Amino acid sequence: MAGRTFQRVTTLVLIGATVAVAAIIGARAWAQGPGAMQGPGGMHAGIMKRMISAALDEALDQARVSADQRTAIHASRDRAFAAFEANRPDRVAQRDQVLTLFEGDRLDAGQLAVVHTQMEQQHQAIRAAVAQAIVEIHDTLTPAQRQTVANYVRTHGPHGMR
């Protein structure tokens, strides 16, 4: 019994970690802004959103989720995407803010800390939204469906990509 509980906890942690890694990669891509992600080797944030959505839908198809479950999971996904959008930093404005401080006669570490705190708050808001989405998705799926999704992530995730 303890072995199965440990296996379930391990599976949940792995799912959470994999989703978190994907979310962080997506968040970093999204944070670059529409213009920064275009061009050779880069992707537009909209493409990243579609890629994440397609992978999620494929995993949900394999888990044979109901229409109600899919609707709930898409709502969780959409709230996470909204958090990305709402907290996407304006990299040019941040750079200019730091450069303005740097160009001044005196650089006050406190002012620089304020800029960094603002950046950390944006990242924390995104992390919190992703964590909430993971919890909501977990609670929406049955144990068997969670196992199917975990297996999908293992074989199609960042380290198991075909």
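What you see is a predicted model; the values in this text were computed from it and never measured.

1. A few points about the packing of helix H3 (residues 45-62) against helix H4 (residues 67-87)
1) Next: Taken N-terminus to C-terminus, the directions of H3 and H4 make an angle of 155 degrees; their axes are 12 Å apart at the nearest point. With respect to H4, the axis of H3 lies roughly antiparallel. Taken as a pair, H3 and H4 cross one another with a handedness that is right-handed. Contacts from Lys-49, Ile-52, Ser-53, Leu-56, Asp-57, Leu-60 and Asp-61 in H3 reach Arg-70, Ile-73, His-74, Arg-77 and Phe-81 in H4.
2) Next: Class assignment of the residues belonging to the contact of H3 with H4 gives a composition of five nonpolar, two polar and five charged.

2. Re the pattern of salt bridges
1) Next: Under the counting rule described, the total for this entry stands at six salt bridges.
2) Next: Ionic pairing is found between Asp-61 and Arg-70, a salt bridge with its closest N-O pair at 2.6 Å.
3) Next: Overall, Asp-61 belongs to the partly exposed group, its relative accessible area being 49%.
4) Next: The salt bridge involving Glu-136 is made with Arg-79; its shortest N-O contact spans 2.7 Å.

3. Examining unusual backbone geometry
1) Next: Phi at Arg-64 takes a positive value of approximately 55 degrees, unusual for a residue other than glycine.
2) Next: One can find Arg-64 in the loop between H3 and H4.

Criteria and cut-off values
- Residues numbered from 1 in each chain as written.
- Predicted model: local features only at pLDDT ≥ 70, side-chain atom pairs only at ≥ 80, totals over all residues.
- Heavy atoms only, no water.
- Axes fitted to C-alpha atoms, helices over the stretch in contact; angles between N-to-C directions.
- Helix = DSSP H or I, 4+ residues; strand = E, 2+ residues; numbered from the N terminus.
- Parallel < 35°, antiparallel > 145°, perpendicular 65-115°, else oblique.
- Left-handed = near helix turned anticlockwise from the far one by under 90°.
- Contact = heavy atoms within 4.5 Å.
- Nonpolar A, V, L, I, M, F, W, Y, C, P; charged D, E, K, R; others polar.
- Salt bridge = Lys/Arg side-chain N within 4 Å of Asp/Glu carboxyl O.
- Buried < 20%, exposed > 50% of the residue type's maximum accessible area, 1.4 Å probe, protein only.

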